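Each chain is listed here by its residues.
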Amino acid sequence: WEFNSSFHQPSAFLMLGIPGLETLHPWISIPFCALYLTALLGNCMILFIIKKTQSLHEPMYYFLSMLAVTDLGLVLCTLPTTLGLFWFNLRRIGFDACLTQMYFIHILSFIESSVLLAMAFDRFIAISRPLRHSSILTKATVTKIGLAIVLRGMVSLLPIPFLLKRLTYCGKTELSHSFCFHPDIMNLACADIKVNVFYGMIILLSTAGMDFIFIVLSYILIIKTVISLATKEECLKALNTCVSHICAVLVFFIPMIGLSMIHRFGKNVPPLVNTLVAYTYLIIPPALNPIIYSIKSSHIREALLRALRRKSG
């Protein structure tokens, strides 16, 4: 590799696909293509239906739109490098391009975490204060929440690329994935990375970590409210509105926590496990979220059926 004389930065990194299965990459790309296509079409469909259906212009579906946009962003961040590697064995990614991809992957991940928290807050208000729901979560309030979520992600992660650029890199330049990830890049440095580790941990705990805690607290309050309802039917109806969101939270946070633990403490974890968890974290939620909401939300399902009937007619 060519090195920058002042900062000792490699001109590029080498990305890896599935360890030990490099010869099967063209075949492995088939399920990846299916997942990417499902994510792209599914989230575009969600956005189209919500935009065209006036009855869905309410807080729950505005937040769902934010989730769909975030999922589309995550897909578009990783799709070029992943399929480029699987199809054409394009392993090389420039240093600055890698930092840019990493920055947007982490921003979108933290935005998704915050949107899931906003959706939990929406469900709590809808169940505990149903008559005041629309007056509390107005369009202006939802817009402000959305802007705050984006700003929090952008500002909190802004130092990360600069902290990586100040490091000296030498020797190994192979990444563990077909995309750039902060712990992965900093572990290639042959300099003191304590600042990177500390800042990365603080940001993770203060954003996604706090979001997860508040989501759990929201559901504790929701359950307390539901228990106080008069009839069993009312309880089940109230909880049924939360099923989609609970599934989305589990699909997102379980792989995220697993990947964070592997990168920080899993030195002896097989590379294949690390790779599979990373792909699960970044590709499965964008593909599954539209399916989850299409199956569980009767409003989305009915709007989709109406749109299909109009096209067929």
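Because the structure is predicted, anything quoted here is derived from the model rather than measured. (Residues numbered from 1 in each chain as written. Predicted model: local features only at pLDDT ≥ 70, side-chain atom pairs only at ≥ 80, totals over all residues. Heavy atoms only, no water.)

J.: Please clarify how a positive patch on the surface should be interpreted in this entry.
T.: Taken together, the side chains of Lys-51, Lys-52, Arg-306, Arg-309 and Arg-310 make up a positively charged region of the molecular surface. Secondary structure elements with two or more residues in the positive patch: α1 (25-52) and α12 (298-312). Its place among the elements puts Lys-52 in helix α1. According to the relative accessible area criterion, Lys-52 is exposed, its value standing at 55%. (Patch = residues over 30% accessible without salt bridge, like charges linked within 9 Å, V, L, I, M, F, W, Y side chains within 5 Å. Areas by Shrake-Rupley, 256 points an atom, 1.4 Å probe, with all protein chains shown as cover. Salt bridge = Lys/Arg side-chain N within 4 Å of Asp/Glu carboxyl O. Lys, Arg positive; Asp, Glu negative; His and termini not counted. Charge placed at Lys NZ, Arg CZ, Asp CG, Glu CD. Helix = DSSP H or I, 4+ residues; strand = E, 2+ residues; numbered from the N terminus. Buried < 20%, exposed > 50% of the residue type's maximum accessible area, 1.4 Å probe, protein only.)

J.: Please clarify how the packing of aromatic side chains should be interpreted in this entry.
T.: How two aromatic rings sit relative to each other is set out by the distance from centre to centre and by the angle between their planes. What the rule picks out here adds up to 13 aromatic pairs. Taken together, a centroid distance of 5.9 Å and an interplanar angle of 75° make the contact between Phe-13 and Tyr-169 edge-to-face. Taken together, the residues span a long stretch of sequence, with Phe-13 in strand β1 (residues 12-14) and Tyr-169 in the loop between α6 (159-165) and α7 (182-186) at a distance of 156 residues. Where Phe-86 meets Tyr-279, the ring centres are 6.4 Å apart and the plane angle is 50°; that geometry is what we call tilted. (Phe/Tyr/Trp six-rings, centres within 6.5 Å; stacked < 30°, edge-to-face > 60°.)

J.: Would you mind showing me how to read the nonpolar core here?
T.: General note: in soluble globular proteins, nonpolar side chains tend to be found buried as a group. Phe-13, Leu-64, Leu-116, Leu-164, Tyr-169, Leu-175 and Ile-185 are the most contacted members of the largest nonpolar core, which has 84 residues in total. A total of 16 residues in this core trace back to one element, the largest contributor, which is helix α3 (residues 95-128). Not counting residues up to four positions away in its chain, the partners in contact with Ile-185 are Phe-13, Cys-98, Leu-99, Met-102, Leu-164, Tyr-169, Leu-175 and Cys-180. (Core = buried A, V, L, I, M, F, W, Y, C linked by side-chain atoms within 4.5 Å. Contact = heavy atoms within 4.5 Å.)

J.: Whenever I open this one, empty space enclosed by the protein confuses me. Can you help?
T.: With a probe scaled to a water molecule rolled over the atoms, the places where space remains empty come into view. Inspection of every chain in the model, using the stated rule, returns three cavities of 30 Å³ or more. Computed from the structure, the largest cavity encloses a volume of approximately 190 Å³. Along the wall of the largest cavity there are 16 residues; nearest its centre are His-106, Phe-110, Phe-181, Leu-204 and Arg-264. Those elements giving two or more residues to the lining of the largest cavity turn out to be α3, α7, α8 (194-227) and α10 (243-265). Per-element accounting of the lining of the largest cavity gives the leading share, four residues, to α10. Of the residues assigned to the lining of the largest cavity, the class counts are 10 nonpolar, five polar and one charged. (1 Å grid on protein atoms, 1.4 Å probe; cavity = no way out; pocket = protein on both sides within 12 Å on 5 of 7 lines; lining within 4 Å. Points joined across faces, edges and corners; volume = space filled by probe spheres on them. Nonpolar A, V, L, I, M, F, W, Y, C, P; charged D, E, K, R; others polar.)

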